[in-house]
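Each chain, letter by letter, is given below.
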Amino acid sequence: MHRGKLVFIWLQMYFPKDIKKCGLFLSGGIDSALILYHLSKLPVEVYPIHGYDINASEMDTITVAQNVKNWILMDGIQKKDLKAKIHDIFIHPMDYGDKPKYYYMRPARKYLEQRFAVTHWVFGTSQGMPGDERPGNSMKGKELQNLPDNYNDIIVPWAYKNKQDIAKEYAEFNLNELANITNSCIKSTPVPCRECWWCKERYWAFNSYDGGVQ
Ligand SMILES: [Zn+2]
């Protein structure tokens, strides 16, 4: 099926039509990268926000997020169908061990809401593996869409999807190259550790680790 048609279906399913400006939590992971890809085809301004983990300063997730954004911008330019204006990534410190305390980067969100009239926030969070939930996140479906804290409207496209569903979309949209830019492993090793929960989930869904590594 043609990509444009699929994006249209995606829009109908997940993204309310009247949104002009949204924020997106762009981690450099594979879930939010796919969302940015979809948003880049829609007539919406996107304000990506990246929380760098203050407990893992050796991880260069900022560069990964930038690479994801750059790949999507290039893809759009080449295909001449990039509709969104994707803004610079807003970088904010974050303690991923204590997300509620860090208010999911509320100072940054408030700034973008007040300064640029961002009205919605898009999360890439997806479900864990069946019977093997993601560490530190037991939220499911509806809970993900009703997070604590004083959010404006939240959109969680993958709230009911798991990584295998995400992998299907990557295959459908022919986005293998984008998948290989993203980072899942949480260890700061030159190659994916193959042992952390995130590596296991990646392999479970994509039959390879970060970068397509076997
Ligand atoms: Zn790993």
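All of these numbers come straight from a predicted model, not from anything done at the bench. (Residues numbered from 1 in each chain as written. Predicted model: local features only at pLDDT ≥ 70, side-chain atom pairs only at ≥ 80, totals over all residues.)

When helices and strands are counted, the protein shows 8 helices and 6 strands. The buried share of the protein, taken over its 214 residues, is 34%. For the protein, contacts bridging at least 24 residues in sequence account for 71% of all contacts bridging at least 6. (Helix = DSSP H or I, 4+ residues; strand = E, 2+ residues; numbered from the N terminus. Buried ≥ 20, exposed ≤ 12 C-beta atoms within 10 Å, placed from the backbone. Contact = placed C-beta atoms within 7 Å.)

Turning our eyes to something else, we now look at the confidence of the model for the protein. Of the residues in the protein, 81% reach a pLDDT of 70 or more, and the chain-wide mean stands at 84. Within the protein, no element has a lower average pLDDT than helix α1 (residues 3-14), which sits at 53, and none a higher one than helix α8 (residues 197-206), at 97. Predicted confidence is poor over residues 1-7, with pLDDT under 50, and the contacts of this stretch with residues over four places away or in other chains come to 6 contacts. (pLDDT = per-residue confidence, 0-100.)

Phi angles above zero are rare outside glycine, and A117 is one such case at about 60°. Relative to the helices and strands, A117 resides in the loop between α4 (106-116) and β5 (120-122). You can call A117 exposed: it has 10 C-beta atoms within 10 Å. Positive phi, close to 60°, is recorded for N174, a residue that is not glycine. Its location among the elements puts N174 in the loop between α6 (163-172) and α7 (176-181).

Attention shifts here to the pairing of strand β2 (residues 45-53). Across 5 bridges, the pairing between strand β1 (residues 21-25) and β2 is parallel. Bridge pairing in β2 places G23 opposite Y47. Read as a crossover between parallel neighbours, the route from β1 over helix α2 (residues 30-39) to β2 is right-handed. Where β2 meets strand β3 (residues 85-86), 2 bridges bridge the pair, whose relative direction is parallel. Along β3, the bridge assignment pairs V46 with I86. (Pairing = 2+ DSSP bridges. Right-handed = clockwise from strand over helix to strand, strands pointing away.)

Right, let's talk about α2 for a bit. Within α2, 9 of the 10 residues are buried, which leaves the element mostly enclosed by the surrounding structure. Residues of α2 that are buried: I30, S32, A33, L34, I35, L36, Y37, H38 and L39.

Residues L24, L36, V46 and V68 are the most contacted members of the largest nonpolar core, which totals 40 residues. Among the elements that take part in this core, α2 stands out by supplying 7 residues, more than any other. Setting aside anything within four residues of it in sequence, one finds L36 in contact with L24, L26, V46, P48, V68, K69 and I72. (Core = buried A, V, L, I, M, F, W, Y, C linked by C-beta atoms within 7 Å.)

Right, let's get into the environment of R194. Examined against the element boundaries, R194 turns out to sit in the loop between α7 and α8. Separated by 14 residues in the primary sequence, R194 and S208 place their C-alpha atoms 9.6 Å from one another.

So, on to the packing of α2 against α6. Orientation of α2 relative to α6, taken along the N-to-C sense of each, is 40°, at an axis distance of 11 Å. In terms of orientation, α2 and α6 fall into the oblique class. Here α2 runs over α6; the crossing is left-handed. Across from I30, D31 and L34 in α2, the residues of α6 making contact are I166, E169 and Y170. Its residues assigned to classes, the contact of α2 with α6 shows 4 nonpolar, no polar and 2 charged. (Axes fitted to C-alpha atoms, helices over the stretch in contact; angles between N-to-C directions. Parallel < 35°, antiparallel > 145°, perpendicular 65-115°, else oblique. Left-handed = near helix turned anticlockwise from the far one by under 90°. Nonpolar A, V, L, I, M, F, W, Y, C, P; charged D, E, K, R; others polar.)

With that settled, consider α6. Of the residues making up α6, those classed as buried are K163, I166 and Y170. End-on, the buried residues of α6 take up no more than an arc of 55°, which puts them together on one face. Summarising the geometry of α6, the exposed residues directed more than 90 degrees from the buried face are K168, A171 and E172. Close packing links the buried residues of α6 with α2, α7 and α8. (Arc of directions from axis to C-beta.)

Below, the discussion takes up the environment of K168. Turning to its location among the elements, K168 is positioned in helix α6. Sequence separation between K168 and F206 is 38 residues; the distance between their C-alpha atoms is 8.8 Å.

The next point concerns the pairing of β1. Burial of β1 is extensive: 4 of the 5 residues sit out of reach of the surface. In the sheet, β1 pairs with β5 via 3 bridges, with the strands oriented parallel. Looking at β5, one finds that C22 is bridged to H120.

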